[in-house]
Amino acid sequence: MTPVTRQEVLGLYRKIFKIAKKWQSASGQIEETIKEKEYIKNEAKTLFRKNKNVTDPKLIKQYIEECEARIEIGLHYNIPYPRPIHLPPMGLAHKQGRTLRHQEKLRKISKPIYLKSHDEVS
């Protein structure tokens, strides 16, 4: 990992914890706010520790983009949890009898960047 990339990753990590420190839930309830703050901290720790040994520059860039997207979406919607995607069960299949494996492949490809590592951890 280059020093610039390392600084960028550490900056994102610090940014997430600053956001968690100032976080207020949309409902305004104290219990909900505490629960969401803990979720933000735990999710960041889990994902950053899981990916600490990644050395591929393209993969690191992808993880940085995912992190930035999740931060922006969380701040915009005031929801720390990943927003679900809504695809109909067979919405991506062609009418020419594609197999279920192909359907799953299309579904995986169509997944937004901010959900890529969420399913791996959950």
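Residues numbered from 1 in each chain as written. Predicted model: local features only at pLDDT ≥ 70, side-chain atom pairs only at ≥ 80, totals over all residues. Heavy atoms only, no water.

Trainee: Kindly report on unusual backbone geometry, identifying the contributing residues and their values.
Mentor: Unlike most non-glycine residues, Asn 78 shows phi in positive territory, near 60 degrees. Within the secondary structure layout, Asn 78 lies in the loop between helix H3 (57–77) and helix H4 (100–109). (Helix = DSSP H or I, 4+ residues; strand = E, 2+ residues; numbered from the N terminus.)

Trainee: Go over the packing of aromatic side chains with me, naming the residues and quoting the values.
Mentor: One pass over the structure, following the stated rule, counts three aromatic pairs. Plain terms: the ring middles of Tyr 39 and Tyr 81 are 4.6 Å apart, the flat faces sit at 55 degrees to each other, and that makes the pair tilted. A residue pair is termed long-range when its members are at least 10 positions apart, and Tyr 39 in helix H2 (residues 30–50) and Tyr 81 in the loop between H3 and H4 qualify at 42 residues. Among the aromatic side chains, those forming a connected cluster through ring pairs are Tyr 13, Phe 17 and Phe 48. (Phe/Tyr/Trp six-rings, centres within 6.5 Å; stacked < 30°, edge-to-face > 60°.)

Trainee: Tell me about the environment of Ser 117, and name the residues and values.
Mentor: With respect to the secondary-structure elements, Ser 117 resides in the loop between H4 and helix H5 (118–121). For Ser 117 and Tyr 63, which are 54 residues apart along the polypeptide, the C-alpha to C-alpha distance reads 8.4 Å. Ser 117 has contacts with Leu 47, Lys 50, Glu 66 and Arg 70, leaving out every residue within four places of it along the chain. (Contact = heavy atoms within 4.5 Å.)

Trainee: Which residues make up the nonpolar core, and what values do they have?
Mentor: Core analysis: the largest hydrophobic core is formed by 13 residues, its most contacted members being Leu 12, Ile 16, Ile 40, Ile 64, Cys 67 and Ile 71. If you list the elements that add at least two residues to this core, you get helix H1 (3–22), H2 and H3. Residue contributions to this core peak at five residues, all from H1. Among residues more than four places away in sequence, those in contact with Ile 64 are Thr 5, Glu 8, Val 9 and Leu 12. (Core = buried A, V, L, I, M, F, W, Y, C linked by side-chain atoms within 4.5 Å. Buried < 20%, exposed > 50% of the residue type's maximum accessible area, 1.4 Å probe, protein only.)

Trainee: Provide a residue-level description of the environment of Asp 56, including the pertinent values.
Mentor: Secondary-structure assignment places Asp 56 in the loop between H2 and H3. Judged by its relative accessible area of 40%, Asp 56 is partly exposed. Taking the C-alpha atoms as reference points, Asp 56 and Met 1, 55 residues apart in sequence, are found 8.2 Å from one another.

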